[in-house]
Amino acid sequence: MADYRALYQEVILDHNKKPRNYGTLEQASHHAEGHNPLCGDHITVALNLELDPDCVECIAGITFQGESCAICKASASMMTVAVKGKTRADAETLIQEFLAMATGKLDLNSPNHIGRLAVFAGVRDLPTRVKCAILPWHTLHAAFNSVASASTEAAQDAMHAPIGNA
Amino acid sequence: MSAVRAAFHPRSAPAIDVERIRADFPILQLKIDGKPLVYLDNAASSQMPQAVIDRLVRYQTSEHANINRAVHYLSETATSAYEAARRKLQHFIHAREEREVIFTSGTTDAINLVMHGYGRKFIEAGDEIILTTLEHHSNIVPWQMLAEEKGATIRVVPINDAGELLIDEYEKLFNERTRLVGVMHVSNALGTVNPVKQMIAFAHARGVPVLVDGAQAVPHLQVDVQDLDCDFYAFSGHKLCGPTGIGVLYGKAALLESMQPFKGGGDMIMSVSFEKTTYNTIPHKFEAGTPPIAAAIGLGAAVDYLSAIGMDAIAAHEHALLSCATAQMTRMPGVRILGTAANKAAVLSFTVDGVHPHDVGTLLNQEGVAVRTGHHCAQPVMQRFKVPATSRASFAFYNSMAEVDALISGIRSVQKVFA
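The rules behind the values
- Residues numbered from 1 in each chain as written.
- Chains lettered and ligands numbered in written order.
- Predicted model: local features only at pLDDT ≥ 70, side-chain atom pairs only at ≥ 80, totals over all residues.
- Helix = DSSP H or I, 4+ residues; strand = E, 2+ residues; numbered from the N terminus.
- Rg over C-alpha atoms; globule rule 2.2 N^0.38 Å.
- Buried ≥ 20, exposed ≤ 12 C-beta atoms within 10 Å, placed from the backbone.
- Contact = placed C-beta atoms within 7 Å.
- Nonpolar A, V, L, I, M, F, W, Y, C, P; charged D, E, K, R; others polar.
- Expected span 1.5 Å × (residues − 1).
- Pairing = 2+ DSSP bridges.
- Axes fitted to C-alpha atoms, helices over the stretch in contact; angles between N-to-C directions.
- Left-handed = near helix turned anticlockwise from the far one by under 90°.

Trainee: Give a description of the overall build of chain B that names residues and reports values.
Mentor: Across its full length, chain B holds 15 helices and 17 strands. For 419 residues, the compact-globule estimate of 2.2 N^0.38 gives 22 Å, and chain B sits close to it at 22 Å. The proportion of buried residues among the 419 residues of chain B is 51%.

Right under this line is the structure:
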């Protein structure tokens, strides 16, 4: 059985206590709401996509806010840190990798961009908590596609839309 | 009310020998991550004693066939065991007649039976149904479906900060259009024991029948449907040390006879032709198709097991567990108990400051302590207390004082992680 304590590592507890990029974003170009009806987790992600000098879409700014458990909040906080300044394409790749890791489908020994986010690998052994960790990433994906609201439950919405191979 | 209070303060109930009882439950010997299982999620589903497991094995090994059909030995053996289970349930809830006990797949199915069989026949546009804020979704959603279909209205009894129904407000909700009251006997989310007998008497004085959701009451206190004088009483087997997939709807015979069938099929008919079908008598009218025979027989064995211990003794032991847990938790800074009714069953809903209930649940699980976290299928209750979710410890007669201590020290270690 998994060592659950491994999940509640210092870095996760720290991001839960002092979430980064927490709040609203003035004149966001994209935003989405994520909701997990089972536990009441509810977050919004707002971002500004801008074109860099090479005409590539980049995340110039990103914020989140909401009510959620520690796993969800820390995941959201670390996600914003990880994707800020990245291209949209790189962020989409990271979304795929994170979802694959949370569901136990990513080989962490193969080349990837997970980095510090590997602290969330333990959720793959806690099926009821996988949704907590991936909600922010689904919501970011929904925001990119300008879907107004996302949920981990309803099959027809963006939360269940296929995201790569994850 | 007095019957319920008596169950909580029995004068002569023999004390429970917890260690001896625990030996009856194989699953309680489990270790979770090397730690002894502390199972405190009994309001969601209880565990099964060896006597019930043995009865299921015996049935499947030497008694199984379809019931009410063939003349061969096995069919008659299975039929008589199934009907014997019905009589055990009848006596367990003190019903007047065995035909007043209908086997359903559970409480939800039982309530849906009342909605389709009684509600759709007797409730019309403009009529009103009274429910309470405490109800489980299973006693809300069927009535919303009916209200939408018929153009009926649902009125809701509010609660106070302790999680008790406001009986004055309940009484004010009645008018000439009130057709049915639906109320839970014991709240699954807060543990409140509602004064159903008093509420039933008030409704009956106005000619209104009452459906009681007894899913959380039957496992924990002596229930006497004749003393309560309820018109319908619904409960589940799997919260009563029985199998899943089985439950009971008790209904007064005259009411059941006046109702339309809910499901059509075999067993529920007297005769069938394409011109006219005549329905069977109760209870068979409401048991279409092959029922969960094994589960019903298993439930019969479960109530035998509980009766041998005695519901008064069970209620007294669980009350002692609740008092001990409540006293300790009340002294813990940063822990808030939701549901502080004067009359409670052994359900303890709580929140820990600064920690989401799901994190509480995951960390308690690490100590082997199983609690429920979430909204407990009672979102209106959560909205009333302005929380998205709670953690809930719910006790059974096989829980020990040492397990209460394990819960308390588990909560302390959660607070330490999040300090």
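From this point, things continue past the structure.
Trainee: An account of unusual backbone geometry is requested, with residue identities and associated values reported.
Mentor: Residues apart from glycine generally show negative phi values, whereas peptide bonds are mostly found in trans. Cis peptide bonds are those with omega within 30 degrees of zero, and the linkage from Ile282 of chain B to Pro283 of chain B qualifies with 5 degrees. One can find Pro283 of chain B in the loop between strand S12 (277-279) and helix H11 (293-309). The phi angle at Cys55 of chain A is positive, at roughly 65 degrees, despite the residue not being glycine. Mapped onto the elements, Cys55 of chain A comes out in the loop between strand S2 (41-51) and strand S3 (57-67). Assessed through the 6 C-beta atoms surrounding it within 10 Å, Cys55 of chain A is described here as exposed. A positive phi is found at His94 of chain B, a non-glycine position, where the angle reads about 60 degrees. In this fold, His94 of chain B is placed in the loop between helix H4 (73-92) and strand S4 (101-104). On the neighbour-count criterion, His94 of chain B (14 C-beta atoms within 10 Å) is partly exposed.

Trainee: Explain the interface of chain A and chain B to me, using residue names and the numbers behind them.
Mentor: Contact residues are listed per partner, giving 16 residues for chain A and 14 residues for chain B. Of all the secondary structure elements, the ones that give two or more residues to the side of chain A that touches chain B are helix H2 (70-83) and helix H4 (127-144) of chain A. Of the residues contributing to the side of chain A that touches chain B, the split by class is 11 nonpolar, 2 polar and 3 charged.

Trainee: So what's going on with H4 of chain B? Which residues, and what values?
Mentor: Residue and element names in this part refer to chain B. Taking 1.5 Å per residue as the helical rise, H4 with its 20 residues ought to reach 28 Å, and the 28 Å between its terminal C-alpha atoms agrees with that figure. Looking only at H4, the buried set comprises Ala78, Ala81, Tyr82, Ala85, Arg86, Lys88, Leu89, Gln90 and Phe92. Residues of H4 that are buried make contact with helix H3 (50-62), S4, strand S10 (247-251) and H11. A positive backbone phi angle near 60 degrees is found at His94, which sits one or two residues after H4.

Trainee: Could you give an account of the sheet that holds strand S7 (residues 178-184) of chain B, with specific residues and numbers?
Mentor: Residues and elements named next belong to chain B. Across the sheet, which stays open at both edges, the 7 strands sit in the order S4-S10-S9-S8-S7-S5-S6 with mixed pairing between neighbours. This sheet does not close on itself; its edge strands, each paired only once, are S4 and strand S6 (153-157). Across this sheet, the average inter-strand angle for adjacent strands is 20 degrees, counted without regard to direction. Note that strand S9 (residues 232-236) and S10 share 5 bridges and pair antiparallel.

Trainee: Any details on the packing of H3 of chain B against H11 of chain B? Residues and values, ideally.
Mentor: Residues and elements named next belong to chain B. Where H3 contacts H11, the axes come no closer than 9 Å and their chain directions differ by 145 degrees. The interaxial crossing formed by H3 with H11 has right-handed handedness. Facing H3, whose interface residues are Ala51, Val52, Arg55, Leu56, Tyr59 and Gln60, H11 presents Ala294, Ile297, Gly298, Ala301, Ala302 and Tyr305. Its residues assigned to classes, the contact of H3 with H11 shows 9 nonpolar, 2 polar and 1 charged.

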